[in-house]
Amino acid sequence: MRVLTGIQASGKLHIGNYFGAMKPMIELQEEHELFTFIANYHSLTTSKDAATLKQYTIDAAADYLSLGLDPEKTTFWIQSHVPEVLELYWILSKFTPMGLLERAHSYKDKVAKGIPASHALFSYPVLMAADILILDTQKVPVGKDQIQHVEMTRDIATKFNNEYGEIFVLPEHMVQEDVATIPGIDGQKMSKSYDNAIDIFMDEKALQKKCNKIISSSTPLGEPLEYENDNIFALASLFLDKRETLELQARYQSGQEGYGHFKKYLKELIWEEFAKAREKRAYYLDHMDEVNDILEQGAKKARAIAKAKLETVKDAIGLI
Ligand code: ADP
Ligand code: TRP
């Protein structure tokens, strides 16, 4: 099965991103033909300046490779290295009713947040449709906010197919229903916009400082601690198996340790979990030529498929 997903590179990754999106996505490469790209044309719609967009693109590549994306199994590239999607984007625009785009929640949300209402922002879903359709994608793993865009892709493809024959595969979205919302240090959903995130690649001191800021109740030392609604417990259990989680519960209930101990323990868990990834990331950042090689190979492979598809489309609609 061909599975494709685009990554919006938007800065530092946090633990919520990792457990909510990256880990489940990376696991897909074990069973499917996975295609993953860094959506830098899409990021342009909200980009502040050239240096930041470049940095975010490089960071995303190093982050995904170090956290387990395996270039032997997954085709990985930068969107703008396969410019054929822009040609298809224009062609698909003809099959995109204005009303369809006017109903897009994501566009309305972004404008409500103060992002200038440009044509690129408005037509963002058409480019996303081109990304998906140009590779004959069958499944698209996305967060809930992106389901509508996959539905729009199906609408556009159906309209095209009705007029010109069965050219496009109709993709389906794939949403990780069972992924819990990871809490931030204040107990709200962890998000880079709420200043409550624990970043994956923090240095050790900063990580301990962040963990120390986790809000917990004020049970005096010596009394059993509640683990049910405790943020430290919720975060720690992400890194533990069943038996270890039960052991941690017992430690909470014994009343012999305070929240300070568990904050230190949580920091150790996070630090250990990402030790290998940290090393790999440092290596990749030091050997960017290797990263560029991987991305180039990926682009070459994706581009060959995209070129062939684009030719079929152009021929079908009469572009000579
Ligand atoms: P943020 O809220 O930090 O801006 P994004 O909206 O960029 O995060 O999310 C990127 C991906 O990470 C999405 O697929 C989203 O579902 C997932 N994600 C983000 N925060 C969390 C969280 N707290 N718990 C679970 N998944 C999350
Ligand atoms: N819009 C997606 C997001 O914000 C990123 C994206 C761009 C994408 N093109 C895609 C995702 C194609 C899946 C398939 O997360």
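Summary of the structure given here. (Residues numbered from 1 in each chain as written. Chains lettered and ligands numbered in written order. Predicted model: local features only at pLDDT ≥ 70, side-chain atom pairs only at ≥ 80, totals over all residues. Heavy atoms only, no water.)

Moving on, we get to the site of ligand 1. Taken together, His14, Gly16, Asn17, Gly20, Ala21, Ala180, Thr181, Ile182, Lys189, Met190, Ser191 and Lys192 make up the full set of residues adjacent to ligand 1. Within the side chain of His14, an N or O atom sits 2.7 Å from an oxygen atom of ligand 1. In the environment of ligand 1, a nitrogen atom lies 3.2 Å from a nitrogen or oxygen atom belonging to the backbone of Gly16. Residues that form the shell around ligand 1 fall into these classes: four nonpolar, six polar and two charged. (Near = heavy atom within 4 Å. Polar contact = N/O pair within 3.5 Å; in protein donor to acceptor, adjacent residues only side chain to side chain. Nonpolar A, V, L, I, M, F, W, Y, C, P; charged D, E, K, R; others polar.)

This structure, assessed with the given rule, holds 13 salt bridges. For Glu30, the salt bridge is made with Lys73, and the minimal N-O distance between the two is 3.0 Å. Placement of Glu30 in the loop between helix H1 (15-27) and strand E2 (33-38) and of Lys73 in the loop between helix H3 (50-66) and strand E3 (75-78) is noted, with a sequence separation of 43 residues between them. Notably, a salt bridge pairs Asp136 with Lys309, separated by 2.7 Å at the nearest N-O pair. With Asp136 in the loop between helix H7 (119-133) and strand E4 (139-141) and Lys309 in helix H14 (residues 288-317), this residue pair connects regions lying 173 residues apart in the sequence. Via salt bridges that share partners, Glu30, Asp70 and Lys73 belong to a single interconnected network. (Salt bridge = Lys/Arg side-chain N within 4 Å of Asp/Glu carboxyl O. Helix = DSSP H or I, 4+ residues; strand = E, 2+ residues; numbered from the N terminus.)

A few words on the site of ligand 2. Contacts to ligand 2 come from Thr5, Gly6, Gln8, Phe37, Ala39, His42, Tyr124, Met128, Asp131, Ile132, Val140 and Gln146. Take Asp131: an N or O atom from its side chain is 2.8 Å from a nitrogen atom of ligand 2. The side chain of Gln146 places a nitrogen or oxygen atom 2.8 Å from a nitrogen atom of ligand 2. In the complex, the protein chains occlude 90% of the 360 Å² of accessible area that ligand 2 would expose alone. Going through the elements one at a time, strand E1 (2-7) and H7 are the ones with two or more residues in the shell around ligand 2. (Areas by Shrake-Rupley, 256 points an atom, 1.4 Å probe, with all protein chains shown as cover.)

Below, the discussion takes up the side chain of Gln208. Among the structural elements, Gln208 can be located in helix H9 (residues 204-212). Those residues in contact with Gln208 that lie beyond four places of it in its chain are Lys263, Lys264 and Lys267. (Contact = heavy atoms within 4.5 Å.)

What follows covers the side chain of Lys267. By the element assignment, Lys267 lies in helix H12 (residues 259-273). For Lys267, a relative accessible area of 6% corresponds to the buried category. Among residues more than four places away in sequence, those in contact with Lys267 are Glu204, Leu207, Gln208 and Cys211. (Buried < 20%, exposed > 50% of the residue type's maximum accessible area, 1.4 Å probe, protein only.)

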